[in-house]
Amino acid sequence: MPGRKREYDEDDVRIRPGRSSRPRTRLRPSHNDAIDALVITVDRGRYGCVREDSGGIDVITAMRARELGRKSVVVGDRVSLVGDVTGAPGALARIVRISERSSVLRRTADDDDTTPEGRLERVVVANADQLVIVSALSDPPPRTGFIDRCLVAAYDADVEPLLCLTKADLAGPEQVLGYYAELDLPYVLVRPGSDLAEVRDRLAGRISVLVGHSGVGKSTLVNRLVPDALRAVGVVSAVGKGRHTSTSAVALRLPAVGKSRKDPGWIVDTPGIRSFGLAHVSAESLLHGFPDLVEGTLEDQPNCGHTAADSECRLDAWVAAGHADARRLASYRRLLSSRAGEGDWHDQPADDGPV
């Protein structure tokens, strides 16, 4: 009837469901069609990945899926990819799973965990089998303090160390090898133009991380091992300190040698670094990098800190008896001191000085 007021009921009212009314589930897609890949580069939220069975040629660009949360993805991670995995220009896949890591090689910018730099822990690479410590025998001279730090980090990560001594045409390795005589540390010598067969044999079938101060010839070695790497080669300055020539870690597939079907392995080239902080390694674990001193600590009291201030420490007598090199004990104690935040360990000649 005209003019009569209309009566409304609930059918006339449109109610927008609230955010909390939508059912949520913890179930996630199984991604059974995902393919396995290895992360070889990391650059601002984009990850370069390759299928290991493809020879490491076709690079697939991927991003991290939201369902991974805050899980980090680093070079060396083995991941599962979905989406566009063709590797075509502009294609983008998603990383939906990260396999359990067999090893994690870490370092900090500082030794002292009471400082912001010391607490900032950096993962160098995941799933490495070997840490190749590249050191020049001259120009710049070898720095055993840096090598000692790398050994501690390798043993702590359960990664095998390999000492690679470059520029063997300029100086002999006797002093360096004598310093590590008690460790039975594996090593290789490299000269300009020398045959790299022994080096390749040590790298075959493994993921090997190359670390070293700038100017020691690491990038030159990488270019010789992987001619297509196009890694810049720096020029050593007149004062013996090299310039940084690599800016980001990258995994490179080693080429097969001849007709051999043996897995040639991977190398991870890292930026030239001036320090290898060990704040992430406990004071007790530092001794892992000095196995030649372990037996000398067995007669110590359980609360002995093995520092120079511990008058009852048996390490002094152990070294005095000729069981270990006094320089090794001094290096160990310097690491203990820097681990406790005592003194400045950066660029100390006594720590990282020549043998």
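Reading the values: rules and limits
- Residues numbered from 1 in each chain as written.
- Predicted model: local features only at pLDDT ≥ 70, side-chain atom pairs only at ≥ 80, totals over all residues.
- Heavy atoms only, no water.
- pLDDT = per-residue confidence, 0-100.
- Contact = heavy atoms within 4.5 Å.
- Pairing = 2+ DSSP bridges.
- Helix = DSSP H or I, 4+ residues; strand = E, 2+ residues; numbered from the N terminus.
- Core = buried A, V, L, I, M, F, W, Y, C linked by side-chain atoms within 4.5 Å.
- Buried < 20%, exposed > 50% of the residue type's maximum accessible area, 1.4 Å probe, protein only.
- Phe/Tyr/Trp six-rings, centres within 6.5 Å; stacked < 30°, edge-to-face > 60°.

Caption draft 1: Highlighting the confidence of the model for the protein. Averaged over every residue, the pLDDT of the protein is 81; the share at 70 or more is 76%. Contacts for the low-pLDDT stretch residues 231–247, under 50 throughout, to residues beyond four places or in other chains number 37 contacts.

Caption draft 2: Looking closely at the pairing of strand β1 (residues 35–43). Across four bridges, the pairing between β1 and strand β4 (residues 78–83) is antiparallel. By the bridge assignment for β4, A37 is matched with V79. In this structure, β1 lies alongside strand β2 (residues 46–50), joined through five bridges in antiparallel fashion. From the neighbouring strand, L38 faces β2, where its bridge partner is V50.

Caption draft 3: Up close: the nonpolar core. L131, V209, L293 and Y332 are the most contacted members of the largest nonpolar core, which has 52 residues in total. When residues in this core are grouped by element, the largest group, seven residues, is from helix α2 (residues 144–156). Apart from the residues within four sequence positions on either side, L131 is in contact with L105, C150, A154, V159, E160, P161, L162, V209 and V211. Counting residues in each nonpolar core, the second largest holds 20 residues, with L162, L203, L254 and I267 among its members.

Caption draft 4: Broad picture of the packing of aromatic side chains. By the definition in use, this model includes two aromatic pairs. Relative to Y180, the ring of Y179 lies with its centre 4.6 Å away and its plane at 90°, an arrangement referred to as edge-to-face. Judged by its relative accessible area of 4%, Y179 falls in the buried class. Residue classification places Y180 among the buried residues on the basis of a relative accessible area of 3%. Both rings, one in F290 and one in Y332, keep their centres 5.2 Å apart while their planes meet at 50°; by these two values the pair is tilted. Separated by 42 residues along the polypeptide, F290 in the loop between β13 (266–269) and α6 (291–294) and Y332 in helix α8 (residues 326–339) bring together distant segments of the chain. Classification of F290 by relative accessible area gives buried; the value is 0%.

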